[in-house]
Amino acid sequence: MKNLSRTSLYVTAALNLAVTAPAVVWAANNSAQSASPGVLQQIIVTATRREEPLQDVPISITVFNQRQLTERNVTSAADLAAYTPSLSVDNTFGSDNADFVLRGFYQQSGTSPTVAVYFDDVVAPRGGIGGALEHAGDGAGPGSFFDLQNVQVVKGPQGTLFGLNTTGGALLLVPKRPTGNFGGYIEQSFGNYGMVRTQGVLNLPISDKVRLRLGIDHESRDGYLKNVSGIGPNNLNNIGYTAGRASLVVDVTDDIENYTVASFSESSTNGPGEQVYACNPAIPIFGQLSCNQLSEFKGNAGYNVENDLPDARSFVRQWQVINTTTWQATDNLRVKNIASYARYAGTIASSLFGSDWTIPAALDLNIPGIGVIPLPTGAAAGQHLYFTASDAPLGDYISDQSTYTEELQFQGESLGNRLRWQAGYYMEGSGPVAPAGTMSPTLVNCSDFRTLQCTDLLQSVLGAPFGSVQRQTGHVTYRDYAGYGQGTYAITGKLNFTAGARFTSDTTNGSVTRDLWSFPTANLPLQTCLAGVQNTTTCQSTLRNESSAPTWLVGLDYSPVKNLLTYLKYTRGYRTGGVVLGAPPGYLTFGPEHVDDYEIGEKYSFRGPVSGLIDADVFYSRLYNEQVPIGFVVPPGAGLGAPSGSISNAAQSRIEGLELDTALAYGDLSFDVSYTYLDTRIMEVTQPAQIPGSPYVPTTELTVGEPSYYSPKNKVALTASYRLPVAQSLGNLSVEANYTYTGSQLTGVPGPYDMIPPYGLVNLNLNWEGIDGGPFDAELFVTNATNKFYAVNEADYTNILGFAARSLGEPRMFGVRLRYHFGGG
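Residues numbered from 1 in each chain as written. Predicted model: local features only at pLDDT ≥ 70, side-chain atom pairs only at ≥ 80, totals over all residues. Heavy atoms only, no water.

Considering the overall build of the chain
Regarding its fold elements, the chain presents five helices and 52 strands. Along the longest, intermediate and shortest principal axes, the C-alpha atoms of the chain span 80 × 55 × 50 Å. For the chain, buried positions account for 60% of its 825 residues. When the accessible surface of the chain is summed, it comes to about 29,000 Å², and 58% of that surface belongs to carbon and sulfur atoms. (Helix = DSSP H or I, 4+ residues; strand = E, 2+ residues; numbered from the N terminus. Buried < 20%, exposed > 50% of the residue type's maximum accessible area, 1.4 Å probe, protein only. Areas by Shrake-Rupley, 256 points an atom, 1.4 Å probe, with all protein chains shown as cover.)

Now the structure itself:
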């Protein structure tokens, strides 16, 4: 739980006083060349690692095609989650570094994903060692949502067929493959906040056996958060990325196909921002400094924020090459090899929590037995003080990691085609490309903390060292191996039995150097090791974790009548253990967690004057040995930079819910409704034991009965579409309205501001395809049409550090999109 992890870091400092259209594509929503409206179109998905019609797959899946993504202006993880009721995101560190939360399964900092993202059957490349990007690279980054065949949100533990074991589910990004038709499109968009987006795709059949597809996507937009501090960029949460893709299909023989996809993306922005909006003056020093900031805040309302980092920025560069060779060995046997190599590099320089502290003329100290005494700050009064910030060391990234994968897969049919089976072997490796790390100033005044030009202003006021600069550099390597098999046997023409198993072995190795500089004299740093390192001479810690487990799936599906599928299944899931680079000896590793998941569902589709579908499922999950953050009670005299926290298998949780996807189409009118009810609860908390001989006493802030983070109990997505009755020669003119509702969500430490309030958003779209029967399309769009002011993250530290901060969602955005399409590609 990321916010708890951040809390423990700063508690230590204080103690030291240092909607989707529900899985259906309607002809009215496809393209100008679609069939007549109101006809249900078949959707092909790959959630079982083979192509199958969506309504025949006994799994809960939400699917979006590219048109739906475009009309809903889905360009980021947060956009996708808005239309998928069971999906949420934690975008504490901005949209480029967002993490998915599916069915209440949340990814804590420093752990592996609960929801794995796959592009063309390959898991997203891993990020590096830590800081703000502890699991960077695990999500869908900038430029991921263009020129796709579809996006599939696969719900529930993925423990047999997919490369990375996850407890929450998987997100499959399926790119469009090259075809045998020449064609493409050029698209230009303009909007408020200076938004400009350009896309282009070219499909080129080189010969009857070689096909090429090229695509590019670029978007820039000013940030909607106004930085009123006068330090650094004047706006935050802006957009600035370029993404490119090239794919090549070669028919080597009639039975062998080679498919290569190369992708690249780079995003460079001013980074995210948070807004401090509440303070608690009863908290010594920190609360007073926060209240002082609020009293001077130049407009504590709307989208005004403060940033105290001169070089605030976020940068992500990622490239990946995937090669898939498919051999149809016989009519009943197909062999596929999927190999990939990728590199992810990123950094984020951010003023965490939006703090911008100025030292007041006096600090109030609460002395036991005496009371509150104002302490004059003298020459330090009026000067800036970093609460905390984060950046990469000079010349480094926070994360710079390469990842390779290799999978050999066999698929076939046996026993007179009554048994469909697949088996395979999977390998993944990831390691550092170059040095990486973080630097963080805490409670010091700096002209440049990366070159250690800092002053401990409060040292003279309090009579003891108070502030410091910390640096953490190192690397983490991952090695994962797995073998798997799964089969579906047709007991009768209507009843199928599915069983699958997988064995996974994971190894994580880490090495970290953790330095600390104090400033007894201004700009003359005194270097020591951060407390808790293994080697106090080199300031290094080296750690290793190994975990392995079998996982499995057992299920039945039954079709009592045509177009109705019912199913039930039980899945055993697993998420690997890992290492914590900033923890003290004895707390450097944590074990795997396991989940038992039970699901019952149905999929029903119907045709006629009114066509549609009704898909529903109920699920129950029990999570064991849950990976949760812990903090430490720091002993007296531990010094500056004592360990802030770790991860421990200290809880058990229960997750249950209901998912409903419905769609209706009548003539030119269609309605889609998606709804998720989610009930999550921590059932058991075990306080971690103190390691014998360790001075650090572990503790956790979790409580029994607390819900999971970013897990709203109710979430709804509604869509209504209508094709206007205009002459066919004029093209297709349609309007669409979307409403999404997200219930309240817990995001951090319990307190008065620990919940994100519920909010509802309205989006509108007017689309004119094939204008006057020609190759041009035009579209007008508005997101958050009512200009709703809402938060997407809360960081409530009012009872610990004396303030509360929040991340704000986008205000009203509007624009126009123009497209010219040519050929048939």
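Digging into the sheet that holds strand 15 (residues 225-227)
Judged by pairing direction, the sheet is mixed, and its three strands sit side by side in the order 16-15-20 without closing on themselves. Each having just a single partner strand, strand 16 (235-236) and strand 20 (304-305) make up the two edges of the open sheet. The pairing of strand 15 with strand 20 spans two bridges and is classified as parallel. Each bridged residue has a counterpart across the sheet, and for N227 the counterpart in strand 20 is V305. (Pairing = 2+ DSSP bridges.)

Some words on the pattern of salt bridges
Within the structure shown, the criterion is met by 35 salt bridges. With its nearest N and O atoms 2.9 Å apart, the salt bridge here joins E187 to R819. In this pair, E187 sits in strand 12 (residues 183-191) while R819 sits in strand 52 (residues 813-823), placing the two residues 632 residues apart along the sequence. Since its relative accessible area comes to 23%, R819 is described here as partly exposed. D251 is paired through a salt bridge with R211; the nearest N and O atoms lie 3.0 Å apart. Note that D251 is positioned in strand 17 (residues 239-251) and R211 in strand 14 (residues 210-221), a separation of 40 residues in sequence. (Salt bridge = Lys/Arg side-chain N within 4 Å of Asp/Glu carboxyl O.)

Quick notes on the side chain of N765
For N765, the location among the structural elements is in strand 48 (residues 759-769). Of the residues examined, N765 reaches a relative accessible area of 5% and is grouped as buried. For N765, the side chain forms a polar contact with the side chain of E779, separated by 2.2 Å. Those residues in contact with N765, other than ones at most four positions away along the chain, are E71, S734, V735, E736, E779, L780 and F781. (Polar contact = N/O pair within 3.5 Å; in protein donor to acceptor, adjacent residues only side chain to side chain. Contact = heavy atoms within 4.5 Å.)

Details of the sheet that holds strand 19 (residues 275-279)
Overall, antiparallel pairing links the three strands, which are arranged 19-51-50 in an open sheet. This sheet does not close on itself; its edge strands, each paired only once, are strand 19 and strand 50 (791-797). Strand after strand, the sheet turns through a mean of 20° between neighbouring axes, direction not considered. Pairing geometry for strand 19 and strand 51 (residues 803-808), over four bridges, is antiparallel. Across the sheet, Q275 pairs through a bridge with R806, a residue of strand 51. (Axes fitted to C-alpha atoms, helices over the stretch in contact; angles between N-to-C directions.)

A look at the state of the cysteines
Two cysteines joined by a covalent bond between their sulfur atoms form a disulfide. Using the criterion set out here, one finds three disulfides in the structure. The disulfide partner of C279 is C291, and the S-S distance across this bridge is 2.1 Å. Every disulfide takes its handedness from the sign of the S-S torsion; for C279 and C291 that torsion is 105°, giving right-handed. Of this pair, C279 sits in strand 19 while C291 sits in helix 4 (residues 286-296); the two residues are twelve residues apart in sequence, bridging distant segments of the chain. (Disulfide = S-S within 2.5 Å.)

Let's talk about the side chain of S390
Residue placement: S390 occurs in the loop between strand 26 (384-385) and strand 27 (399-414). Apart from the residues within four sequence positions on either side, S390 is in contact with L309, I348, A349, S350, I398, T438, M439 and S440.

Quick look at the environment of L394
Tracing the backbone through its elements, the reader meets L394 in the loop between strand 26 and strand 27. C-alpha separation for the pair L394 and Q68, spaced 326 residues apart in sequence, amounts to 43 Å. In this structure, L394 is in contact with R450 and T451, ignoring residues within four places of it in sequence.

Remarks on the packing of aromatic side chains
Here the structure, examined in full by the defined rule, presents 25 aromatic pairs. Between Y224 and Y303, the aromatic rings sit 6.0 Å apart at their centres with planes inclined by 85°, giving edge-to-face as the arrangement. In this pair, Y224 is assigned in the loop between strand 14 and strand 15 and Y303 in the loop between helix 4 and strand 20, connecting sequence segments 79 residues apart. Ring geometry for W319 against Y341: centres 5.6 Å apart, planes inclined by 45°, an arrangement best described as tilted. One end of the pair, W319, is in strand 21 (residues 313-330); the other, Y341, is in strand 22 (residues 333-349), with 22 residues separating them in the sequence. With relative accessibility at 32%, the residue W319 sits in the partly exposed group. Here the aromatic residues F286, F353, W357, F387, Y797 and F803 are joined through ring pairs into a cluster of three or more. Here the guanidinium or amino end of R177 rests over the ring plane of Y259, the centre of that ring lying 4.3 Å away. Just above the ring of Y185 sits the side chain of R819; from NZ or CZ to the centre is 3.8 Å. (Phe/Tyr/Trp six-rings, centres within 6.5 Å; stacked < 30°, edge-to-face > 60°. Lys NZ or Arg CZ within 6 Å of the ring centre and 35° of its normal.)

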